[in-house]
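The residues making up each chain are set out below.
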Amino acid sequence: MKAIVLPEYGEANRLEVRDLPEPTPGPNEIKVRVAAAGVNPIDWKLRSGALKAYRPVTFPAVLGRDVSGEVVAVGPGVTAFKVGTRVVGFVDHGYAAFVVAPVDAWAEIPAGLDLIDAAALPLVSLTGAQLVDAAGVREGDAVLVTGATGAVGRVAVFVAKSRGAKVFAGVRRNHKAEADKLGAEAVVALDDDQEIAKLAPLDALADTVGGTTTQKLLGKLKAGGRIGSVLGEPPGANERGFVVQAFSAHRDPKRLAELVAAAAAGKLIVPVAKRFPFSQAGAAHTFAEKGGVGKVLLLPDR
């Protein structure tokens, strides 16, 4: 099968397409023919070596955490999925024509959701939902989501709103028009100190940005305020009495199915910025690293 392989740490041009053996599903696993794989920040951070101090890569490596496709084989004992079922998955080694992963990595794609574009959902949807959990968001809370027009931020806004929270979408000023589409209580330009100063006290912060922006927002949290973060614990947060939960996303098939259903119903929108073939994986990483609105997808060369 064709797969995108990283032979060593380096720039995006180090990614190359190779022929690898097709995987075989074992007990409690399914094998999926990949329609598309999502590109996420974790991918280029692993590729570049930025995370090698605590998450080293074994080479040659196949990156990729989320995919969509159709089931082509099931392992012993699997009854949850059948051959031909359309699925999305939060997996390992997703940049490949075929992927094998345990059944708890997958959710069925409902009718009405594009098979390819569904690959944008698994990692960011679970991360966004679990970020809201980490921030302990409850009905009636005032919560600010940083990076709200990013894929994870969009999901966090959606989930927090669904809980009845009063949600503020925090973005850079040049993303305010896009953030207006999210249906938040208000949009706040986080690169404008005057707008931050006008913020009412917050019960919780769902943070996807970190750095100096987050430090400025600590002063807007109420005493005992809660922080969920995908970027580690903000310096000084514990010392100020805030409840902090930093986390990495984990598999949750029930919640993934719920979020995919919301996307199929048009309630949750994670836009796709551009699709690239596997043969242009380097260009896909370069494009994604520049930032912007929307996920980047990789499609196997058929």
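Please read all numbers here as calculations on a predicted model, not as lab measurements.

Q: Break down the packing of helix α2 (residues 122–134) against helix α7 (residues 253–264) for me, citing the residues and quoting the values.
A: The interhelical angle for the contact between α2 and α7, taken along N-to-C directions, is 110 degrees, at an axis separation of 10 Å. Judged on the interaxial angle alone, α7 and α2 are roughly perpendicular. Contact with α2, carried on its side by P122, S125, L126, A129, Q130 and D133, involves R255, L256 and L259 of α7 and no other residues of that element. Its residues assigned to classes, the contact of α2 with α7 shows five nonpolar, two polar and two charged.

Q: Could you give an account of unusual backbone geometry, with specific residues and numbers?
A: Following F59, the chain continues to P60 via a peptide bond in cis, the omega torsion being -5 degrees. Note that P60 resides in the loop between α1 (41–48) and β4 (66–74). Despite not being glycine, N28 has its phi angle at roughly 65 degrees, a positive value. Structurally, N28 can be placed in the loop between β2 (16–19) and β3 (29–39). Not every positive phi belongs to a glycine, and H93 is a case in point at roughly 60 degrees. Take H93: it is sitting in the loop between β5 (86–90) and β6 (98–102). Here H93 falls in the exposed class, since its relative accessible area comes to 52%.

Q: Break down the pairing of strand β15 (residues 295–299) for me, with residues and values.
A: Of all five residues in β15, five are buried; the element is thus mostly enclosed. With burial as the criterion, each face of β15 is covered, one bearing K295, L297 and L299 and the other bearing V296 and L298. Bridging between β3 and β15 involves three bridges; their strand directions are antiparallel. Across the sheet, V39 pairs through a bridge with V296, a residue of β15. Alignment of strand β14 (residues 272–277) against β15, held across five bridges, turns out to be parallel.

Q: Give me the environment of N40: which residues, what numbers.
A: Turning to its location among the elements, N40 is positioned in the loop between β3 and α1. For the pair formed by N40 and D19, sequence separation is 21 residues and the distance between their alpha carbons is 23 Å. Once residues lying within four places of it in the same chain are set aside, the contact partners of N40 are D66, L123, V124 and K295. For N40, the side chain forms a polar contact with the side chain of K295, separated by 3.3 Å.

Q: How would you sum up the sheet that holds strand β9 (residues 166–171)? Please name residues and give values.
A: Pairing within the open sheet is parallel, and its six strands lie in the order β10-β9-β8-β11-β12-β13. The sheet terminates laterally at β10 (186–189) and β13 (243–246), the two strands that pair on one side only. Adjacent strand axes in the sheet meet at a mean angle of 20 degrees, parallel and antiparallel pairs treated alike. Both strand β8 (residues 142–146) and β9 contribute to a ladder of five bridges, which runs parallel. The residue bridging V145 from the neighbouring strand is A169, located in β9. Across the sheet, α2 touches β11 (202–207), β12 (221–229) and β13, and the angle it forms with β12 is around 155 degrees.

Reading the values: the criteria
Residues numbered from 1 in each chain as written. Predicted model: local features only at pLDDT ≥ 70, side-chain atom pairs only at ≥ 80, totals over all residues. Heavy atoms only, no water. Axes fitted to C-alpha atoms, helices over the stretch in contact; angles between N-to-C directions. Helix = DSSP H or I, 4+ residues; strand = E, 2+ residues; numbered from the N terminus. Parallel < 35°, antiparallel > 145°, perpendicular 65-115°, else oblique. Contact = heavy atoms within 4.5 Å. Nonpolar A, V, L, I, M, F, W, Y, C, P; charged D, E, K, R; others polar. Buried < 20%, exposed > 50% of the residue type's maximum accessible area, 1.4 Å probe, protein only. Pairing = 2+ DSSP bridges. Polar contact = N/O pair within 3.5 Å; in protein donor to acceptor, adjacent residues only side chain to side chain.

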